[in-house]
Amino acid sequence: MSTSTGQSAGARANIQKLITSGFRFEHSRHLMLTLREPVQAKQFLAALAQDGWLVPAHEDWSGPGGPERLAQRFADGRCPLSLGITFSGLLGLGLDARKLDLLRAKAPAFVQGAHGRAQTCLGDTGDSQPALWEASFQPAKADLLLVLHASSAAQLEQAQQQLANLRGSTGWHGHWAAHDGAHLGTDPQQRRLHFNLLDGLSQPVILPEPPGSAERPDNSRNTHRLGEFVLGYQDNAGVNPWRLAAERPAASGLPIAQQSAELAAFFKDSSFAAFRKIAQDESAFGEFVQRQAQAIQGRFSLAQAQAFVRAKLVGRWADGQVVQPADALGAQPGAAVAREHFDYSQDQAGLGCPFGAHIRRMNPRDDPVVPFRRRPILRRGMPYGPRFEGSYCAPASTATDLPAPERGLLGLFFCANLEQQFEHLLGQWANDTPMGPDNRGNARDPLIGNNLPDHHTYHIPMGQDSALQLRGLLPFVKTKGTLYAWFPGLSAIAQLAQPAPNQAPAATGP
Ligand code: HEM
């Protein structure tokens, strides 16, 4: 999961580290808080900033003095913390009208919130419909999202206690809901999601700023401009939608240019995030794979057939290699190919990685079948719930009468434009017919799509005009909730923490 560090020193001091490079810790906790009292709520934000909870992108715990700084953090009970705020949170804090209006104009999905858009824009129908989401994802519940990272659950616990006692915390105390994630493995090369899938293999690489003529965005290398993820910079098309040059009418008496500069500075270095809790049904997925494998097994072993089916659904073999046209049922994957920088130019008929496979849908790279812009997204998430103890070869035989514990993914996705990136990925690319030539089946994404039983066919091209058609896909995941949050730059957090001009100072103490 490499991400370039080619941003300016100013940007790297202001952008939250989670966005551009993420953290490599085993545990995470996502706290969703409701705003109760704005004066104290601002005091809490000020305490987070002043006491060093927030982590700028330039923090490097592997560099000189880094391990000591990190150890001190944990000794003080301060985990690395990242902060996102919802539109209702900004309203509650009394953000000024010009900034709210700008968000209404430029970020309508963020303003409306995921709950109101999920059925139409995210494919969340049936068991995933927002009315069934967990309480903390229901409207008017979450105003602030705090993401903590740590090496152990005990460190998270200690940090949460510190936060609960921090100055102004009662401004947010109405409702603290925690969602805990943990990587299923300690080796960074072996971090697996549920469904026993290797993760963290590919991640967009951010090109250095300012844009130079030498390095251009390159979909096959998965390189993109900072503006695809962070506001205030050029995107891949060379446009900076948050430059805001003299875009606003003069309302405050300030010269237009000065107003625009102030607005642009406030939003610069921030990003939008979608926090999505997704439950995964291991048994249903395992049984589907087993049934399909039995049907195509022929002279091969069941394990070989299962590995083949799984690879064709995800687009990668169990070891993370992208499925190649020469990879056949029963054969070991061929010569090692790049797991991170690759494209589908050698696989234009989908003979290796089908057009419907999860990774080809979510990032088609240079695939000519995609007529419009690429829609890169930074993935910062972790699995939740216990590791699946059943056998991936025969989940049915391990079934008991006990209800399966819930497990899934706490997905956290960053982008500069929720409508054009996150929502398009889910609403169109995951929950519609795959892009590609006509012979591509009608299935939705086999991992995360809301497939209807007995309705969708997953198409696996096999060459010489033959294809495998897999039927019986189910929705193997269920959305438990989605929250849209804005992750401000550190300077904007400091501004948000300032008392409003006519606000009485808060009483001291939490
Ligand atoms: C339980 C849900 C999910 C599972 C099990 C899952 C699984 C995976 C796996 C195994 C990979 C390959 C590992 C890698 O390339 O690093 C992957 C890649 C990816 N997934 Fe998911 N995913 C899930 C949800 C989502 C969602 C909701 C989105 C979009 C909003 C998404 C977008 C992506 C993207 C963009 C890639 C990278 C593809 C590439 O660059 O080649 N995934 N996912």
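Residues numbered from 1 in each chain as written. Predicted model: local features only at pLDDT ≥ 70, side-chain atom pairs only at ≥ 80, totals over all residues. Heavy atoms only, no water.

A. Quick peek at the overall build of the chain. A tally of helices and strands in the chain yields 15 helices and 15 strands. The C-alpha radius of gyration of the chain comes to 23 Å, within 12% of the 24 Å expected for a compact globule of 510 residues. For the C-alpha atoms alone, the extent of the chain along its principal axes is close to 75 × 55 × 50 Å. With 510 residues in all, the chain has 54% of them scored as buried. Considering only contacts within the chain whose residues lie at least 6 apart along the sequence, 72% involve residues at least 24 apart. Taken as a whole, the chain presents about 20700 Å² of accessible surface, with 53% of it coming from carbon and sulfur. Averaged over its 47 positive side-chain charges, the chain has a centre that lies 2 Å from the centre of its 45 negative ones. (Helix = DSSP H or I, 4+ residues; strand = E, 2+ residues; numbered from the N terminus. Rg over C-alpha atoms; globule rule 2.2 N^0.38 Å. Buried < 20%, exposed > 50% of the residue type's maximum accessible area, 1.4 Å probe, protein only. Contact = heavy atoms within 4.5 Å. Areas by Shrake-Rupley, 256 points an atom, 1.4 Å probe, with all protein chains shown as cover. Lys, Arg positive; Asp, Glu negative; His and termini not counted. Charge placed at Lys NZ, Arg CZ, Asp CG, Glu CD.)

B. Geometry of empty space enclosed by the protein. Per the counting criterion, the structure on display carries two cavities of 30 Å³ or more. Estimates place the volume of the largest cavity at around 90 Å³. Around the largest cavity sit 14 residues that line it, and Asp 124, Arg 276, Ile 448, Val 477 and Thr 479 are the ones nearest its centre. Only strand S9 (271-280) and strand S15 (477-487) provide two or more residues apiece to the lining of the largest cavity. Looking at the lining of the largest cavity, its residues break down into six nonpolar, six polar and two charged. Taken as a whole, the second largest cavity spans an internal volume of roughly 40 Å³. If you trace the second largest cavity, you find it lined by Phe 355, Arg 360, Arg 361, Pro 364, Asp 367, Val 369 and Met 435. Its residues assigned to classes, the lining of the second largest cavity comprises four nonpolar, no polar and three charged. (1 Å grid on protein atoms, 1.4 Å probe; cavity = no way out; pocket = protein on both sides within 12 Å on 5 of 7 lines; lining within 4 Å. Points joined across faces, edges and corners; volume = space filled by probe spheres on them. Nonpolar A, V, L, I, M, F, W, Y, C, P; charged D, E, K, R; others polar.)

C. Representation of the pattern of salt bridges in the model. What the rule picks out here adds up to 18 salt bridges. Residue Arg 69 pairs with Glu 59 through a salt bridge whose shortest N-O separation is 2.6 Å. Here Arg 69, found in helix H4 (residues 66-75), pairs with Glu 59, found in the loop between helix H3 (38-50) and H4; they are 10 residues apart in sequence, far enough to count as distant. Judged by relative accessible area, which is 16%, Glu 59 ranks as buried. Here Asp 199 and Arg 379 are joined by a salt bridge, their closest N and O atoms 3.1 Å apart. One end of the pair, Asp 199, is in the loop between strand S6 (197-198) and strand S7 (205-206); the other, Arg 379, is in strand S10 (residues 378-379), with 180 residues separating them in the sequence. Classification of Asp 199 as buried rests on a relative accessible area of 18%. Among the charged side chains, a network of salt bridges with common partners joins Asp 96, Arg 98, Lys 99 and Glu 262. (Salt bridge = Lys/Arg side-chain N within 4 Å of Asp/Glu carboxyl O.)

D. Up close: the site of the ligand. Taken together, 23 residues lie near the ligand, and Leu 201, Ser 202, His 358, Arg 365 and Arg 379 sit nearest. The backbone of Leu 201 places a nitrogen or oxygen atom 2.7 Å from an oxygen atom of the ligand. Here an oxygen atom of the ligand and a side-chain polar atom of Arg 365 are 2.8 Å apart. Taken together, the elements giving at least two residues each to the shell around the ligand come down to S6, S9, helix H13 (358-362) and strand S12 (408-415). When residues of the shell around the ligand are assigned to their parent elements, the largest contribution, three residues, is made by H13. (Near = heavy atom within 4 Å. Polar contact = N/O pair within 3.5 Å; in protein donor to acceptor, adjacent residues only side chain to side chain.)

E. Summary view of the confidence of the model for the chain. Per-chain confidence: the chain averages 89 in pLDDT, with 91% of residues scoring 70 or above. Across residues 393-398, where pLDDT falls below 50, the model places 11 contacts with residues more than four positions away in sequence or in other chains. (pLDDT = per-residue confidence, 0-100.)

F. Inspection of helix H14 (residues 419-430) at higher detail. Over its 12 residues, H14 extends only 14 Å from the first C-alpha to the last, a length that falls short of the 16 Å expected when each residue adds 1.5 Å. Those residues of H14 not exposed but buried are Gln 421, Phe 422, Glu 423, Leu 425, Leu 426, Gly 427, Trp 429 and Ala 430. Looking at the buried residues of H14, the elements they touch are helix H7 (108-112), helix H8 (118-121), S9, H13, S12 and S15. (Expected span 1.5 Å × (residues − 1).)

G. Structural view of the packing of aromatic side chains. In the structure shown here, the tally under the stated rule is 19 aromatic pairs. Pairing Phe 110 with Phe 272 gives two aromatic rings, centres 5.3 Å apart and planes at 50°, and the pair type is tilted. Highlighted residues: Phe 110 in helix H7 and Phe 272 in strand S9, separated in sequence by 162 residues. Summarising the burial analysis for this pair, Phe 110 and Phe 272 share the class buried. Ring pairs connect the aromatic residues Phe 87, Phe 110, Trp 242, Phe 266, Phe 267, Phe 272 and Trp 486, which therefore count as one cluster. Of note, Lys 99 hangs over the ring of Phe 266, and the distance from its end group to the ring centre comes to 4.7 Å. (Phe/Tyr/Trp six-rings, centres within 6.5 Å; stacked < 30°, edge-to-face > 60°. Lys NZ or Arg CZ within 6 Å of the ring centre and 35° of its normal.)

H. Layout of the pairing of strand S13 (residues 457-463). Most of S13 is tucked away, with six of its seven residues classed as buried. By the bridge criterion, six bridges tie S13 to strand S14 (residues 466-471) in an arrangement that is antiparallel. If you follow Tyr 458 over to S14, its bridge partner there is Leu 470. (Pairing = 2+ DSSP bridges.)

I. Inspection of the packing of helix H11 (residues 282-296) against helix H12 (residues 302-314) at higher detail. The N-to-C vectors of H11 and H12 enclose an angle of 115°; their axes lie 8 Å apart at closest approach. Pair H11 / H12 crosses with right-handed handedness. Mapping the contact onto sequence places Phe 285, Phe 288, Val 289, Gln 290, Gln 292, Ala 293, Gln 294 and Ile 296 in H11 and Leu 302, Ala 305, Gln 306, Phe 308, Val 309, Arg 310 and Leu 313 in H12. Taken together, the residues of the contact of H11 with H12 break down into 10 nonpolar, four polar and one charged. (Axes fitted to C-alpha atoms, helices over the stretch in contact; angles between N-to-C directions. Left-handed = near helix turned anticlockwise from the far one by under 90°.)

J. The arrangement of the nonpolar core in detail. Ranked by size, the top nonpolar core spans 99 residues in total, and within it Leu 48, Phe 110, Leu 146, Leu 163, Trp 172, Phe 422 and Trp 486 carry the most contacts. The contacts of Trp 172, once residues within four sequence positions are left out, are Leu 33, Thr 34, Leu 35, Arg 36, Ala 41, Phe 44, Leu 45, Ile 85, Leu 93, Asp 143 and Leu 144. Within the second largest apolar cluster, 35 residues are counted, among which are Ala 293, Val 309, Leu 313 and Leu 447. (Core = buried A, V, L, I, M, F, W, Y, C linked by side-chain atoms within 4.5 Å.)

K. Region of interest: the environment of Ala 97. Its place among the elements puts Ala 97 in helix H6 (residues 97-106). Relative accessible area serves as the criterion here: at 51%, Ala 97 is assigned to the exposed category. Along the sequence, Ala 97 and Leu 45 sit 52 residues apart, while their C-alpha atoms lie 20 Å from each other.

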